[in-house]
Amino acid sequence: MLTRFGVTDENLKPFLEGLTISLAISKKRLFIVDFEILVGITCLEEYICPAPIALFFVNNKGHLVPVAIQLFQQKGSDNPVFLPSDPKYTWQIVKMWYNVADSNYHQAITHLGNTHFLMEGICIAANRCLSPSHPMFKLMAPHFLHIIAINNLGLGFLVSPGGWIDKTMAIGNMGVFELAAKGARSWRMDCDGRYPEFLKSRGLYCKDGSILPMFYQRDDMMALYDAINNYVTKYVNLYYDSSQKIESDVEIQNFGQELVKGKSKGGCGLVGVPFKDEKFSTPDQLILVFTCAIFTSSVVHAAANFSQYDAYGFPPNYPLKLKGAPPKNKDQMKEEDIIKCLADKSSILDTMVITTILSERTNNALGDFEVTYTYDPAAVDIVEEFKKELQDIKTKIQQRNEKLERGYDYLLPTEIPNSISI
């Protein structure tokens, strides 16, 4: 356990259903979230964004529940570990302050930084280096539709000084750019862009539901990643049946150079790209890159974006900012204290309106391409096989959801746009 986190076995004993901290961790039932990345991020005047550490426990019902929250990084008498046994409204307001951190991270890194901004760079690199007739351009093009336009619109309306983010988020416009940049520096294509490896790096990889049994987003994303990877594998192998063909393809080599070239030199500055010895030489390298681009532009963005109104639509559930300061002790608080800390009505209404708009689908569903780029009969067959696999995934998700009290349908293939367009 982190030395800066003041939690003990004695603290958690009532909430771990007879397990110690070490045993709960070994059984994959206790998980830690550490928002150290938020330390030092600019906040709007008079607003605070905590940098919390929290523990979540999978109870016997399979539910993931918070069992300890420390709102700032360094333990101390004025930064206690809050617990579910604390006074009701004190615990409630602490969870709200935790969600201020989580929501600001979500918007700056999970949503904007790791989908919109990241994929725009790859889109530009593809357009710079690959001719429209190149088969790999045809593979990726449907998944870049509208991204530059929507990013340009968003920068002018949402992320601009005095825009929606400055009105609604604790870290404001400047903080969002700082946090997105921090997140980008730690993003790796061979881990964050490769979904099974991303899960393994966080101890969340499993195919039998034994870890986080109600983590339906993971289950659906793994099925979709496999489908996209199968699609890309068939497509790449259709055109590259030898390393020599890849190494002699000037356009594809230039594309790789653009991906790894530093941002100060006009490149994407990506790390973890399988551009070994400054070249692509195997189909597997290309498959990783193109799977990452398509999966992120469609599935990852859908997972980050289309549940926004459900999360943000009731302001106390997932506030982007709160008035005042987080509690420094466990004194009993009242319901009126929660009401007082809520943002003003204008900010709340802005949040509800924008997250409603952002939750709308504007593009065709995954695999149903708005523009037909591929006419090669063999490639067309591969696209059709991809559509069939997506239909099978849809059926399986629907069958699972029928058994749930509340189904998880954000990642039905028919609900996932091909590209980032909102």
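Just above, that's the structure.
Criteria and cut-off values
- Residues numbered from 1 in each chain as written.
- Predicted model: local features only at pLDDT ≥ 70, side-chain atom pairs only at ≥ 80, totals over all residues.
- Heavy atoms only, no water.
- Core = buried A, V, L, I, M, F, W, Y, C linked by side-chain atoms within 4.5 Å.
- Buried < 20%, exposed > 50% of the residue type's maximum accessible area, 1.4 Å probe, protein only.
- Helix = DSSP H or I, 4+ residues; strand = E, 2+ residues; numbered from the N terminus.
- Contact = heavy atoms within 4.5 Å.
- Axes fitted to C-alpha atoms, helices over the stretch in contact; angles between N-to-C directions.
- Parallel < 35°, antiparallel > 145°, perpendicular 65-115°, else oblique.
- Left-handed = near helix turned anticlockwise from the far one by under 90°.
- Nonpolar A, V, L, I, M, F, W, Y, C, P; charged D, E, K, R; others polar.
- Expected span 1.5 Å × (residues − 1).
- Bend = angle between axes of the 7 residues up to and from the residue.
- 1 Å grid on protein atoms, 1.4 Å probe; cavity = no way out; pocket = protein on both sides within 12 Å on 5 of 7 lines; lining within 4 Å.
- Points joined across faces, edges and corners; volume = space filled by probe spheres on them.
- Phe/Tyr/Trp six-rings, centres within 6.5 Å; stacked < 30°, edge-to-face > 60°.
- Lys NZ or Arg CZ within 6 Å of the ring centre and 35° of its normal.

Novice: Just to check I follow, could you spell out the nonpolar core for this structure?
Specialist: Burial of nonpolar side chains together is a common tendency in soluble globular proteins. Core analysis: the biggest nonpolar cluster contains 116 residues, and Y231, F255 and F290 have the highest contact counts within it. Top element by residues in this core is helix α3 (residues 88-129). It accounts for 18 residues. For F290, the residues in contact, after removing those within four places along its chain, are M136, L139, M140, V232, V236, I252 and F255. Among the nonpolar cores identified, the runner-up in size contains 16 residues, and F5, V7, L19 and I53 belong to it.

Novice: How should I be thinking about the packing of α3 against helix α12 (residues 283-305) in this particular structure?
Specialist: α12 packs onto α3 with a crossing angle of 155° between their chain directions and a minimal axis gap of 10 Å. Classified by the interaxial angle, the pair formed by α3 and α12 is roughly antiparallel. Here α3 runs over α12; the crossing is left-handed. Between α3 and α12, the contacting residues are H106, T110, H111, N114, T115, H116, M119 and I122 on the first element and A293, T296, S297, V300, H301, A304 and N305 on the second. Considered class by class, the residues forming the contact of α3 with α12 number five nonpolar, ten polar and no charged.

Novice: What exactly am I supposed to notice about α12 here?
Specialist: Along an α-helix, a turn takes 3.6 residues, which lines up residues three or four apart on a common side. Relative to the 33 Å expected for 23 residues at 1.5 Å per residue, α12 spans 31 Å between its end C-alpha atoms, a close match to the ideal helical length. Of all the bends in α12, the greatest measures close to 45° and is centred on T296. Most of α12 is tucked away: 21 of the 23 residues are buried.

Novice: What exactly am I supposed to notice about the layout of surface pockets here?
Specialist: To find the voids left in a structure, one rolls a probe of water-molecule size over its atoms. Considered as a void within the structure, the second largest pocket measures approximately 400 Å³ in volume. If you trace the second largest pocket, you find 22 residues lining it, with F117, L118, G121, K263 and C268 closest to the centre. Elements with a minimum of two residues in the lining of the second largest pocket: α3 and α7 (172-186). Taken together, the residues that form the lining of the second largest pocket break down as 13 nonpolar, six polar and three charged.

Novice: Got a minute to help me understand empty space enclosed by the protein in this structure?
Specialist: As enumerated under the stated definition, the model contains one cavity of 30 Å³ or more in all. Estimated volume of the largest cavity: approximately 120 Å³. What lines the largest cavity is a set of 13 residues, and nearest its centre among them are P315, P319, L320, A343 and I348. In terms of residue count, the dominant contributor to the lining of the largest cavity is helix α15 (residues 345-358) (three residues). Partitioning the lining of the largest cavity into residue classes produces nine nonpolar, three polar and one charged.

Novice: How do you make sense of the packing of aromatic side chains when you look at a structure like this?
Specialist: Centre distance and the angle of the planes are the two values used to describe a pair of aromatic rings. This structure, assessed with the given rule, holds 15 aromatic pairs. Considering the side-chain rings of F275 and F280, the 4.8 Å spacing of their centres and the 75° angle between planes classify their relative orientation as edge-to-face. Its relative accessible area of 0% is what places F280 among the buried residues. These aromatic residues form a ring-pair network of at least three members: F35, F56, Y98 and Y105. Cation over ring: K200 sits above Y205, and NZ or CZ is 4.9 Å from the ring centre.

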